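Close look at the chain arrangement
Residues per chain are reported as follows:
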Amino acid sequence: MAAVLRGVRAAIIDLDGTMLDTMPDFEVAINLMREELGLAPITAAQIELMVGKGSENLVRRVLALDFEDEGVERLFAQAMEAYQRHYLVINGRHSEVYADVVAGLQAMKANGLRLACVTNKPVAFAKPLLALKGLDGYFEVLFGGDSFEKKKPHPMPLLKACEYFDLPPAQVVAIGDSSNDAEAARAAGCPVLTVPYGYNHGVGIHETDSDGIVDTLLHAAELISRAN
Ligand SMILES: O=C(O)COP(=O)(O)O
Ligand SMILES: [Mg+2]
């Protein structure tokens, strides 16, 4: 693993499931939306399988629990509006920073790494959330699921971050909790580390192709530092 991390000058860090356990926020906002539509609540365990590919995909999949394709499309705009309205109100209220995230970000900065946050969450949710949790100051740039034409697992958001840093992808490590992060990194040519504690569509992180699994962001910081 050390070999692929040699020469790394910057890190692209995912948000949901990597820095913050946001599942309780998703659960509250999704169930407020369902209540408005007259639908019964669903569990965090159900929602966890659907998170990771952005808000539109989440809302469509939640509706698909109760409706066929035609019903999903009929209700989508109304459901999306309700979900976004509720999410913005509760954003961050029920979510927590994972262990050793702050220590990891501090260690990366201390080691001279430049940092970007690249998430599939819309920027309007991600920006105030990072600020509320005191994490915004670590990042030079934040890209969300609506920043570009394509989201992860497409490589575009990662390539844009590399462009922003003016570094080749081989010198920019991606760190995330799901196959979306790992596939985007592979396609972009970035080395990739994964954390095992987030949301990977119900699939163990060992099943996802990466350059290594790290227990925490602090562990990631140590590996990158040791390789350089
Ligand atoms: O909001 C999502 O779909 C997941 O967001 P993430 O890319 O920060 O994990
Ligand atoms: Mg994630």
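Treat the numbers as computed from the prediction; the structure is a model and nothing was measured. (Residues numbered from 1 in each chain as written. Chains lettered and ligands numbered in written order. Predicted model: local features only at pLDDT ≥ 70, side-chain atom pairs only at ≥ 80, totals over all residues.)

What to know about the nonpolar core
Of all hydrophobic cores here, the largest spans 62 residues; its most connected members are Ile12, Leu158, Ala161, Val172, Val173, Ala174 and Cys190. The residues that make up this core include at least three from each of domain 1 (2-22 + 96-226) and domain 2 (23-90). Look past the residues within four positions of Leu158 in its chain and what remains in contact with it is Ile12, Val118, Ala174, Ala184, Ala185, Ala188 and Cys190. (Core = buried A, V, L, I, M, F, W, Y, C linked by C-beta atoms within 7 Å. Buried ≥ 20, exposed ≤ 12 C-beta atoms within 10 Å, placed from the backbone. Domains from an automatic or database assignment. Contact = placed C-beta atoms within 7 Å.)

Topic: the confidence of the model for the protein chain
The pLDDT averaged across the protein chain works out to 97; a share of 100% of its residues lies at or above 70. ipTM for the predicted complex: 0.97, alongside a pTM of 0.97. (pLDDT = per-residue confidence, 0-100.)

Structural notes on the site of ligand 1
Close contacts around ligand 1 come from Asp14, Leu15, Asp16, Gly17, Val51, Gly52, Lys53, Gly54, Thr119, Asn120 and Lys121, and that covers them all. Domain assignment of the residues forming the shell around ligand 1 places at least three in each of domain 1 (2-22 + 96-226) and domain 2 (23-90). (Near = placed C-beta within 6 Å.)

Digging into the domain arrangement of the protein chain
Each assigned domain of the protein chain is listed here: domain 1 (2-22 + 96-226) and domain 2 (23-90). For domain 1 and domain 2, the distance between their C-alpha centroids amounts to 25 Å. At the interface, 13 residues of domain 1 touch twelve residues of domain 2. When grouped by side-chain class, the residues that make up the side of domain 1 that touches domain 2 number three nonpolar, seven polar and three charged. (Nonpolar A, V, L, I, M, F, W, Y, C, P; charged D, E, K, R; others polar.)

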